[in-house]
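# Working through the structure, step by step
One letter stands for each residue in the lines below.
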Amino acid sequence: MIPEDILSTAPLPERFASQAAAMLLEGETPLFTIVGDLDLKGRYNESALVVTDRRTLAFDQYHAGGVYVAEHAQVDKAFVKRMYGNAVLRVALRGEAPRDIFRFTYSVASLCDAAALFAENIAGGGDVRQEFDIVKATFDKKKSFCPKCGRALGQQGAACISCTSKSTLVRKFAKYVRPQLKLMVLCLALSLVTTAMALAPPYVTKTLVDTVIPNKDLNALLMLVAILLSVYIVQYTIGAVRGYFMRIAGDRIVAGLRNDIYEKAQYLPLSFYDKTSTGSVISRVSGDTSTLQAFMLRITQEAIIQFFLMIGIIVIMFLMNWKLTLLSLTPIPLVVLGARYFGKRIAPVYRKIWRRWAAVSSILTDTLPGVRVIKSFTGEQRSAEKFESYNNEWLIEDRKAAKLSNIFPSAVTFFVTCGSLLIWGFGGKWVIQSPQNISVGMLVSFISYAAMFYGPVNFFATLNDTYQNSLTSAQRILDVIDAEPEADFGKGNLVKKVKGKIEFRNVNFSFDRIKKALTNINLVIEPGDIVGIVGTTGSGKSTLVNLIMRFYDAYEGEILVDGVNIKELDLESYRSKIGYVQQEPIMFKDTVFRNIAFSLPDADVEQVIHAADVANAHSFIARLPDGYDTMLGERGVGLSGGERQRLSIARAVLKNPSLLIFDEATAAVDSETEHLIQQAIERLISGRTTLMIAHRLSTLRKANKIVVVDKGEIVEFGSHDELMALKGKYFKLIEIQSMSEKIRAGKEAERFE
Amino acid sequence: MSERTYIEYDNARITRLDGLALRVEMYDGRVFENVEARRLFPITGASRYITLLDEDGVEQAVIRNLKNLEPDSRKAVEETLAQYYLVPKITRVLACTEKYGKLTLKVETDIGEHRFEIKHVNTDIKVLFDGRVFITDSSDNRYEIPGLRKLDKKSLALLSPYL
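The present account deals with the structure reproduced in this document. Note that the structure is predicted; figures quoted are calculated from it, not measured. (Residues numbered from 1 in each chain as written. Chains lettered and ligands numbered in written order. Predicted model: local features only at pLDDT ≥ 70, side-chain atom pairs only at ≥ 80, totals over all residues. Heavy atoms only, no water.)

## Observations concerning the overall build of chain A
- In terms of regular secondary structure, chain A is built from 24 helices and 18 strands.
- Every one of the 753 residues in chain A was classed for burial, and the buried ones make up 48%.
- At a minimum sequence separation of 6, the contacts of chain A that also span at least 24 residues come to 70%.
- Of the roughly 37,200 Å² of accessible surface on chain A, a fraction of 59% belongs to carbon and sulfur atoms. (Helix = DSSP H or I, 4+ residues; strand = E, 2+ residues; numbered from the N terminus. Buried < 20%, exposed > 50% of the residue type's maximum accessible area, 1.4 Å probe, protein only. Contact = heavy atoms within 4.5 Å. Areas by Shrake-Rupley, 256 points an atom, 1.4 Å probe, with all protein chains shown as cover.)

## Focus on the overall build of chain B
- When helices and strands are tallied, chain B shows three helices and 12 strands.
- Counting every position in chain B, which comprises 163 residues, the buried fraction comes to 48%.
- Contacts spanning at least 24 positions in sequence make up 35% of the contacts within chain B whose residues lie at least 6 apart.
- Looking at chain B as shown, the accessible area adds up to about 8,500 Å², and 48% of this sits on carbon and sulfur atoms.

## Some words on the sheet that holds strand 1 (residues 7-8) of chain A
Residues and elements named next belong to chain A.
- Pairing within the open sheet is mixed, and its five strands lie in the order 1-2-3-4-5. The open sheet has two edge strands, strand 1 and strand 5 (67-71), and neither has a second partner.
- As judged from the five bridges shared by strand 4 (residues 55-59) and strand 5, these two strands associate in the antiparallel manner. Opposite phenylalanine 59, over in strand 5, you have valine 67 as the bridge partner.
- Lying over the sheet, helix 1 (residues 14-23) contacts strand 3 (44-52), strand 4 and strand 5, oriented at roughly 145 degrees with respect to strand 4. (Pairing = 2+ DSSP bridges. Axes fitted to C-alpha atoms, helices over the stretch in contact; angles between N-to-C directions.)

## Re the pattern of salt bridges
- Applying the stated rule across the entire model yields 32 salt bridges over all chains.
- The partner of A:Asp590 in a salt bridge is A:Arg594, with the nearest N and O atoms 2.9 Å apart.
- Here B:Glu25 makes a salt bridge to B:Arg23, at a shortest N to O gap of 3.1 Å.
- The exposure class assigned to B:Glu25 is partly exposed, which follows from its relative accessible area of 26%.
- When its relative accessible area of 24% is taken as the criterion, B:Arg23 is described as partly exposed.
- Among the charged side chains, a network of salt bridges with common partners joins B:Arg13, B:Arg23, B:Glu25 and B:Glu33. (Salt bridge = Lys/Arg side-chain N within 4 Å of Asp/Glu carboxyl O.)

## Focus on the interface of chain B and chain A
- Facing 43 residues of chain B, the contacting portion of chain A comprises 43 residues.
- Summed over both sides, the interface of chain B with chain A buries roughly 3,600 Å², with 47% coming from carbon and sulfur.
- Counting every contact that joins chain B to chain A gives one salt bridge.
- In this structure, the salt-bridge partner of A:Lys81 is B:Glu36, at a minimum N-O distance of 2.9 Å. (Buried area = accessible area lost by both parts, 1.4 Å probe.)

## Here's the deal with helix 21 (residues 671-685) of chain A
- The terminal C-alpha atoms of helix 21 of chain A, which comprises 15 residues, lie 20 Å apart, in line with the 21 Å expected from a rise of 1.5 Å per residue.
- Following helix 21 of chain A by one or two positions, A:Gly687 adopts a phi angle in the positive range, close to 80 degrees. (Expected span 1.5 Å × (residues − 1).)

## A closer look at empty space enclosed by the protein
- Applying the stated criterion across every chain yields a total of four cavities of 30 Å³ or more.
- Estimated volume of the largest cavity: approximately 120 Å³.
- It is helix 2 (residues 121-124) of chain B that contributes the most residues to the lining of the largest cavity, three residues altogether.
- Its residues assigned to classes, the lining of the largest cavity comprises three nonpolar, four polar and four charged.
- Considered as a void within the structure, the second largest cavity measures approximately 60 Å³ in volume.
- Lining the second largest cavity are A:Leu49, A:Thr56, A:Ala70, A:Val75, A:Ala78, A:Leu89, A:Val91, A:Ala115, A:Ala116 and A:Ala119.
- Take the lining of the second largest cavity: its biggest share by element is three residues, from helix 2 (residues 109-123) of chain A. (1 Å grid on protein atoms, 1.4 Å probe; cavity = no way out; pocket = protein on both sides within 12 Å on 5 of 7 lines; lining within 4 Å. Points joined across faces, edges and corners; volume = space filled by probe spheres on them. Nonpolar A, V, L, I, M, F, W, Y, C, P; charged D, E, K, R; others polar.)

## Side note on the environment of A:Gly36
- Mapped onto the elements of the fold, A:Gly36 is located in strand 2 (residues 30-38).
- When the C-alpha positions of A:Gly36 and A:Arg103 are compared, they lie 7.2 Å apart, and in sequence the two are 67 residues distant.

## Brief notes about helix 11 (residues 332-367) of chain A
- For helix 11 of chain A, with 36 residues, the first-to-last C-alpha span of 51 Å sits near the 52 Å given by 1.5 Å per residue.
- Of all the bends found along helix 11 of chain A, the most pronounced is centred on A:Ile346 and spans about 30 degrees, while A:Pro348, a proline, follows it within four residues. (Bend = angle between axes of the 7 residues up to and from the residue.)

## As for the pairing of strand 5 (residues 48-53) of chain B
Residue and element names in this part refer to chain B.
- Here strand 4 (residues 31-39) runs beside strand 5; their pairing, made up of four bridges, is antiparallel. Counterpart to glutamate 36 in the pairing with strand 5 is leucine 53.
- As paired strands, strand 5 and strand 6 (residues 59-65) are joined by five bridges and run antiparallel to one another. Across the sheet, the residue bridging to threonine 51 is valine 62, located in strand 6.

## Brief notes about the packing of aromatic side chains
- Scanning the entire structure with this criterion turns up 16 aromatic pairs over all chains.
- Taking 4.8 Å as the distance between ring centres and 50 degrees as the angle between the ring planes, the aromatic pair formed by A:Tyr84 and B:Tyr85 counts as tilted. Residue A:Tyr84 is located in the loop between strand 6 (75-82) and strand 7 (87-93), and its partner B:Tyr85 is located in the loop between helix 1 (71-84) and strand 7 (90-99); the two belong to separate chains.
- With relative accessibility at 17%, the residue A:Tyr84 sits in the buried group.
- Judged by centre distance (5.7 Å) and plane angle (50 degrees), the ring pair of A:Tyr244 and A:Phe245 falls under tilted.
- Overall, A:Phe245 belongs to the partly exposed group, its relative accessible area being 22%.
- Pairwise contacts between aromatic rings join A:Phe32, A:Phe118 and A:Phe132 into one cluster.
- The ring of A:Tyr555 is capped by A:Lys567, whose NZ or CZ atom sits 4.3 Å from the centre of that ring. (Phe/Tyr/Trp six-rings, centres within 6.5 Å; stacked < 30°, edge-to-face > 60°. Lys NZ or Arg CZ within 6 Å of the ring centre and 35° of its normal.)

Below you can see the structure in the form of structure tokens.
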């Protein structure tokens, strides 16, 4: 029998469970099952893999008898062949050709990798218990995705931020409104005063028309006009004060929101930015926050005021004449029904507008920084056309929204006007036929109240429009605010001193589950080692250092620094011990001084100058007219590539790191600059564990160990001399490099002459 | 850099070996054993520019257009491509629910009914100018809607807010 609590991705379908149970041999123990979603012909169908301590049973309707059995002892090779949108588990038994035994989508691909490795290792004499532990770890890793929403969790079994927080949008955003509560309550109180005052004039009008004017009482007339004047003065003065406070409260809300989004954006993992364009994050920070602010003010202020105004008017109207009141309420159902219909129609349009606008912003953030490239390839016209086409897409959607959002209020106004016509028609008739029940003054004042009454009706009818618009914005903002930040489960576990031993244990990593970026990496780097990492482009060199930097955490296996798993260390404290110099150094729109001091904001002037000295940067900075105060353009415009690189090295020097990582730091500079940079690097690396991704022989010669990476695997590891003697991949790379360096040197000499 | 070998019309005969492997016999006598076909433009030009990679992933030749091959060769390549690329074509959307920013779709496809989740609605659904829609689910599986206009009204209404 297959135990119900067997390690599995999903409950094993009954028919497979019973068939597997019937097939079990004496003493055979089922270990784990993988439930697939495709059949061997590539259609959605039930399939399963049941792995025991002795055999793998693959259930698929296209196997003879519905099942294929592979004895672990007979397995010569087992592997997962990854294809596009699907993969197959392929097994070759001894003396037989490989065959596909289980087909599946990527949802279970990593588990099938583990199953293949398990079978192969058992065939090679591995211990079942030990191998099963590795499989269990892979299953556990699978659990580090929230089963509810699929978002990656920083650690297995951790609570998912987006699912545990059940609070509604309102509750989530209430925290921004709460600090402004006092100010908003004050505004509300002021509004209630102005609202109450607004109710007075029509009543005064009634007295004027019915009593004062027919009696020709000039004193009363003067007094009532004076009363009206004072009401208006107080009403509008309070209105202005209230408007000012509202603006302050609103601005504080939006500023708070923006700060939070920006701060959150800083802590999001790189994998978030791999998928989300910076343009769409920018439009969240700028546009969406304003939309939401407008809505929050509308709901917390206007809605309450309009509600009270509506109730006040209805009460007064009923007190004056219930028949006329009912008449004026006739169009309300139409308005309410219309609002619901309108809401349904407008919601998708707003969503689309947002997406189109995000696309437009993406083009801006993508192309404007690259304006040099655009000009050099005379692509101005093409860029403009691309922008225009995206902008037109936005225009089309916005036009749809404009149509809907204008037709609706006009329709409401039309119904409302019909309501006034009813009052004039019926009310006028009653005034003519029985003036003792309804006076002219009452009719006039009723018309004023009715007109005022439709203000709140209109407000609530169109509230849905604003609501839908802001709901879209709120969701966009929550995308960032609720996104899983970089996992930092070791928070508080500060790193005091790093000796510099780095160890990779069975590390596997994939950016997208389709293609493995690193496979089975095992590597030990001793303290003080200078390690050159070489390999062709795309071989996985940078990925290797990205994992050490903890830019990506979702890898299998372990990376240890001084014997401690880096995931267990405080992220900030850990990164503060690493100096990282990129191939393309990024400078900010700030002064040279502050760009260097970015790594140590409290650094004093002499520390910064010393760092620049070590990095061979001081002499060129001194020649700049504004010296350390030179303001750099966006991304460091104004400096050459080599100069920027030396500033970035100065940054690393200032940080005084224990580990150093250079990612092709000299790849994009000429020999002379390279020499200056090399000098700087040599000063920096003494006594520190250093990893250098490099191509140039001159750099590699300084390394006491070389790691050769190819197609995500370490293929060679040893000293320069050892690897040269091996005459393998490294030897070939160096040969090619020496040749191209000779050519380069020749060309430079020619230019010099 | 050696010149790229293009396969067109009858300058090559392609036969199927085991699994995804193909054998290419060129008219000029060259033979490429155990090559695998991959689309260079899997989204925008599924039947054009098919590269043939050897076991080390090195390109041996490129098929300019599948439609111009000899029928038998074309069939062999098409079969392996069909096996390699699994991009179910969505014909109907049966249900679409959104919770916590995650979208769950239940769909009818050319290879059966399926339910999947989309993590980032804004980035994982891409609408092409020709009306085709490409969707990536939370496990990085791909789906295609061959044409928005081909969808029935209900499917379109369910999906429309996210396009």
